[in-house]
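This is what each chain is made of:
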Amino acid sequence: MKKLFILLLFIPVFAFAESMYSPTWGFYIDLPEGYEYVDGDAKDRFSFSGPGGAMFDIVVYGNRYRTITELVNDVNRMIENRGEVDLFQYRDKLAAILKLDFNHNDGWGFAVELDSTFSQSSTGTKPMLIALAYGPSAGMDLNLFHISALDSICPAESDRRYPGPITEYSYPRGNKVRVPLAFGGLHATIHENDAAASQALIEREFRLMEHYINSPNWQEAWIRYYRSIYRDSYDRILDAANIIVRSWGGPPSSGEAERRAFAQRALSLVQSHEYERDLSGSDFLNLVSVLTEGRSSCDNRSMLMAIILSRADIRAAMMISRQYSHAMGLVDLPGTGARFESHEIRWLVAETTATVDIGLIAQDVSDPRFWIGVMF
């Protein structure tokens, strides 16, 4: 057992990568690191340049097209695109995937209807977004960048905790099934393809993150990696998280002792899993499999704990360390214990791999310079 002690305060200063929001149209994007805004009106048109000549363009049409097909056909005509188009449903809205092949560029595109409350029309037109991710056909393989950029699009606020559109298209979730959880005799509803779909996203984003290992913005790329997994995972395990919370008597009262006891219970749950790592790939098992198989490592334990606590109205996050090859949970609660300061919050630290109480941390992993906060 490592020697444990209570560290009263961490005060590191780090830059955090953030997603971008359009107040005009209500959508979010969370582009890979290295993309820079280069053109547009910052309202309806946005153009970004990325690594290796990658480009990412978004245009919103508020009052021009009646259907996604009209929009896609018009854009294909304007850019002389020779690629195919496939229609599908994303979150009960008609959407389209475009294969791009135009003017010595290739890549992918995504089009979707937006929330009509952002644009009122008596002509039958709807607000629509189209995004094109492309780059030189003869350049480096940019598909990882293109797909990840498009998959980061959240057409509405409610999509920020739901799998991205490219993952949803590539790996349809399938039928709902009732499955046993790996503890407590509990059962929850998931979709039959959730585990495989989530693992595919994890491995894709891990391959993308490897491009940034020697980059000056490797920290931001790592933060985005975990943020992408959190978004993809949240709805997939939402029913399980709710059932766990209910099995513990529901969200705790507003009392400090009750909320801390609840957080301790969530920490004890993830600490009880079988510890397992797989260094041949991402080393991150999807959270659906974590819940149904009871095996995990430090980072997916920390993320799972954060999602469970979010369902109990307790704010949580995680911190990661490349130097220590470790991750821990963070909880916004008062009381004694080791602290990590980020975003003007002094988070309580939760060690997920040793069977210790919340707020305790091993001395040999306690240097605040070697930790990075990940906010969700």
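Further up the page is the structure itself.
Model, not experiment: these values are computed from the prediction.

What counts, and where the lines are drawn
- Residues numbered from 1 in each chain as written.
- Predicted model: local features only at pLDDT ≥ 70, side-chain atom pairs only at ≥ 80, totals over all residues.
- Heavy atoms only, no water.
- Phe/Tyr/Trp six-rings, centres within 6.5 Å; stacked < 30°, edge-to-face > 60°.
- Buried < 20%, exposed > 50% of the residue type's maximum accessible area, 1.4 Å probe, protein only.
- Axes fitted to C-alpha atoms, helices over the stretch in contact; angles between N-to-C directions.
- Helix = DSSP H or I, 4+ residues; strand = E, 2+ residues; numbered from the N terminus.
- Parallel < 35°, antiparallel > 145°, perpendicular 65-115°, else oblique.
- Contact = heavy atoms within 4.5 Å.
- Nonpolar A, V, L, I, M, F, W, Y, C, P; charged D, E, K, R; others polar.
- Core = buried A, V, L, I, M, F, W, Y, C linked by side-chain atoms within 4.5 Å.
- Pairing = 2+ DSSP bridges.
- Left-handed = near helix turned anticlockwise from the far one by under 90°.

Student: Could you give an account of the packing of aromatic side chains, naming the residues involved and the relevant values?
Tutor: According to the stated counting rule, one finds 21 aromatic pairs in the structure shown. With 6.4 Å between their ring centres and 50° between their planes, Phe48 and Phe56 make a pair best called tilted. Taken individually, Phe48 and Phe56 each receive the classification buried, so the pair is uniform in this respect. Between Tyr225 and Tyr226, the aromatic rings sit 5.0 Å apart at their centres with planes inclined by 65°, giving edge-to-face as the arrangement.

Student: Before we move on, can you summarise the packing of helix H4 (residues 194–209) against helix H5 (residues 218–234) with the specific residues and values?
Tutor: Any two packed helices are characterised by how steeply their axes cross, that is the angle between the axes, and by the distance between the axes. Across the interface, H4 lies against H5 with an axial gap of 10 Å and an inter-helix angle of 170°. By the angle class used here, H4 and H5 are roughly antiparallel. On H5, the residues that touch Ser198, Leu201, Ile202, Glu205, Phe206, Leu208 and Met209 of H4 are Ala221, Trp222, Arg224, Tyr225, Ser228, Ile229, Asp232 and Ser233. Per-class residue counts for the contact of H4 with H5 are nine nonpolar, three polar and three charged.

Student: Describe the nonpolar core, listing the residues and the values that go with them.
Tutor: Note that soluble globular proteins tend to have their nonpolar side chains buried in a common cluster. Counting 58 residues, the largest nonpolar core has Tyr225, Tyr226, Ile244, Met305, Ile308 and Leu309 as the members making the most contacts within it. In this structure, Ile58, Ile97, Val112 and Leu142 belong to the second largest nonpolar core, which totals 33 residues.

Student: Explain helix H2 (residues 143–151) residue by residue, including any values.
Tutor: Here H2 lies mainly inside the structure; eight of its nine residues are buried. Within the span of H2, buried status applies to Leu144, Phe145, His146, Ile147, Ser148, Ala149, Leu150 and Asp151. Of the surrounding elements, those touching the buried residues of H2 are strand E6 (55–65), strand E9 (105–113), strand E10 (126–136), helix H3 (165–170), H4 and H5.

Student: Describe the sheet that holds E9, naming the residues involved and giving the relevant values.
Tutor: If you trace the seven strands from one edge of the open sheet to the other, you get E4-E5-E6-E10-E9-E8-E7, paired in antiparallel fashion. Each end of this open sheet is capped by a strand with a single partner; those strands are strand E4 (36–40) and strand E7 (85–90). Strand-to-strand twist across the sheet, computed as the mean angle between neighbouring axes with direction ignored, equals 20°. Helix-sheet contacts for H2 involve E6, E9 and E10, and the interaxial angle to E9 is about 10°.

Student: Tell me about the packing of helix H7 (residues 256–271) against helix H9 (residues 298–310), and name the residues and values.
Tutor: The interhelical angle for the contact between H7 and H9, taken along N-to-C directions, is 145°, at an axis separation of 10 Å. Classified by chirality, the crossing of H9 by H7 is right-handed. Side by side, H7 and H9 meet where Phe262, Ala263, Ala266, Leu267, Leu269, Val270 and Gln271 of the first sit next to Arg301, Leu304, Met305, Ile308 and Leu309 of the second. Looking at the contact of H7 with H9, its residues break down into ten nonpolar, one polar and one charged.

In short, geometric facts, not functional conclusions.
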